[in-house]
Amino acid sequence: GQNIDQPTEMTATEGAIVQINCTYQTSGFNGLFWYQQHAGEAPTFLSYNVLDGLEEKGRFSSFLSRSKGYSYLLLKELQMKDSASYLCAVRDSGGYQKVTFGIGTKLQVIP
Amino acid sequence: EPEVTQTPSHQVTQMGQEVILRCVPISNHLYFYWYRQILGQKVEFLVSFYNNEISEKSEIFDDQFSVERPDGSNFTLKIRSTKLEDSAMYFCASSGTGGLTGELFFGEGSRLTVL
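Attention here is on the structure that accompanies the text.

On to the packing of aromatic side chains, then. Under the counting rule described, the total for this entry stands at 21 aromatic pairs over all chains. Each ring, one from B:Phe91 and one from B:Phe106, has its centre 6.1 Å from the other, and the planes form 90°; the classification is edge-to-face. In this pair, B:Phe91 sits in strand E9 (residues 88-95) while B:Phe106 sits in strand E10 (residues 105-106), placing the two residues 15 residues apart along the sequence. A relative accessible area of 1% places B:Phe91 in the buried class. Among the aromatic side chains, those forming a connected cluster through ring pairs are A:Phe33, A:Tyr35, A:Phe45, A:Tyr48, A:Phe101, B:Tyr33, B:Tyr35, B:Phe45, B:Phe91 and B:Phe106.

Rendered as structure tokens:
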């Protein structure tokens, strides 16, 4: 099975940088996703890591260390619209099998 | 841009009734999923579907639930004899064989309220 841990809430200031951490223990691993979910809406894809290292995509970056079972999502130049939940999710090994989500980190961006 | 569509967006039903939630995945995708999210809780995996059969299901997905792909486009989730605790947002998702990540594309969800 999968066990995914991430902080439940964070607060950060507009224009700042915030790092959201995720740790996981899994029986199999075939990639880690970060999704954004605004209240009452569907999750939307942000990033994917399957190899160790940093993936950068505009204001968002995601890092993975498979040996440590650790990932983080880095959001730069925070905007008010970034207030949302950020979901860490792990895909089982074996191809396009199930993706298990963490509880999500609710980020509040304040002026 | 292709998207996953779900109907209905909101359904209210009486306990014990049957509901069918419908999804149209992205047309060239081959892998289909149902997830649910109880208010304030995490997105939970229910079932994955590939090549016209269930590829994996969670412990939540018991005999009360069933999935079907009745034609080339629709993917349905049937919940028999609904219970109060079935009240949740149900998300359909699909993923394709191409692309770099195989990320899941989610529909907007069907909110089920059981009274």
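This part takes up the sheet that holds strand E1 (residues 2-5) of chain A. Residues and elements named next belong to chain A. Taken in spatial order, the five strands line up as E1-E3-E8-E7-E6 in an open sheet, and their pairing is antiparallel. Since the sheet does not close on itself, it has two edges, and those belong to E1 and strand E6 (53-57), each with one partner. Looking at each pair of strands side by side, their axes are set apart by 15° on average, direction ignored.

Looking now at the state of the cysteines. Residue and element names in this part refer to chain A. With the rule as written, the count across this model stands at two disulfides over all chains. Between the sulfur atoms of Cys22 and its disulfide mate Cys88 the distance is 2.0 Å. The sign of the S-S torsion, about -70°, decides the handedness of the disulfide formed by Cys22 and Cys88: left-handed. On the criterion of sequence distance, the pair formed by Cys22 in strand E3 (residues 18-26) and Cys88 in strand E9 (residues 84-91) is long-range, its members being 66 residues apart. By the burial criterion, Cys22 is buried, and Cys88 matches it.

Residue and element names in this part refer to chain A. Overall, the coordinates contain four salt bridges over all chains when judged by the stated rule. The partner of Lys76 in a salt bridge is Glu56, and the shortest N-O contact between them spans 3.6 Å. Remark: Glu56 occurs in strand E6 and Lys76 occurs in the loop between strand E8 (70-75) and E9; sequence separation between them is 20 residues. The exposure class assigned to Glu56 is exposed, which follows from its relative accessible area of 55%. Close ionic contact of Arg59 with Asp82 constitutes a salt bridge, the shortest N to O distance being 2.8 Å. With Arg59 in the loop between E6 and strand E7 (60-65) and Asp82 in the loop between E8 and E9, this pair connects stretches of sequence that are 23 residues apart. Judged by its relative accessible area of 17%, Arg59 falls in the buried class.

What follows concerns unusual backbone geometry. Along the chain, B:Thr7 connects to B:Pro8 via a cis peptide bond; the corresponding omega equals -10°. Inspection of the secondary structure puts B:Pro8 in the loop between strand E1 (5-7) and strand E2 (10-13). Although it is not a glycine, A:Glu77 adopts a positive phi angle of roughly 45°. Along the chain, A:Glu77 falls in the loop between E8 and E9. Although it is not a glycine, B:Asn51 adopts a positive phi angle of roughly 55°. Position of B:Asn51 among the secondary structure elements: in the loop between strand E5 (44-50) and strand E6 (53-57).

Bringing the pairing of E8(A) into the picture now. Residues and elements named next belong to chain A. A large share of E8 lies buried, amounting to five of its six residues. Sheet topology note: the E3/E8 ladder contains six bridges and is antiparallel. Residue Val18 lies in a different strand from E8, and its bridge partner there is Leu75. As paired elements, E7 and E8 share six bridges and run antiparallel to each other. Bridge assignment links Ser61 to a residue of E8, and that residue is Leu74.

Glancing now at the sheet that holds strand E7 (residues 65-68) of chain B. All names here are of chain B. Strand order in the open sheet formed by four strands is E1-E3-E8-E7, with antiparallel pairing between adjacent strands. The open sheet terminates on both sides in strands that have one partner only, identified here as E1 and E7. Neighbour-to-neighbour, the strand axes of the sheet open up by a mean angle of 20°, direction not taken into account. Pairing of E1 with strand E3 (residues 19-24), which is carried by three bridges, proceeds in the antiparallel orientation. Looking at E3, one finds that Gln6 is bridged to Cys23.

About the cut-offs
- Residues numbered from 1 in each chain as written.
- Chains lettered and ligands numbered in written order.
- Predicted model: local features only at pLDDT ≥ 70, side-chain atom pairs only at ≥ 80, totals over all residues.
- Heavy atoms only, no water.
- Phe/Tyr/Trp six-rings, centres within 6.5 Å; stacked < 30°, edge-to-face > 60°.
- Helix = DSSP H or I, 4+ residues; strand = E, 2+ residues; numbered from the N terminus.
- Buried < 20%, exposed > 50% of the residue type's maximum accessible area, 1.4 Å probe, protein only.
- Pairing = 2+ DSSP bridges.
- Axes fitted to C-alpha atoms, helices over the stretch in contact; angles between N-to-C directions.
- Disulfide = S-S within 2.5 Å.
- Salt bridge = Lys/Arg side-chain N within 4 Å of Asp/Glu carboxyl O.

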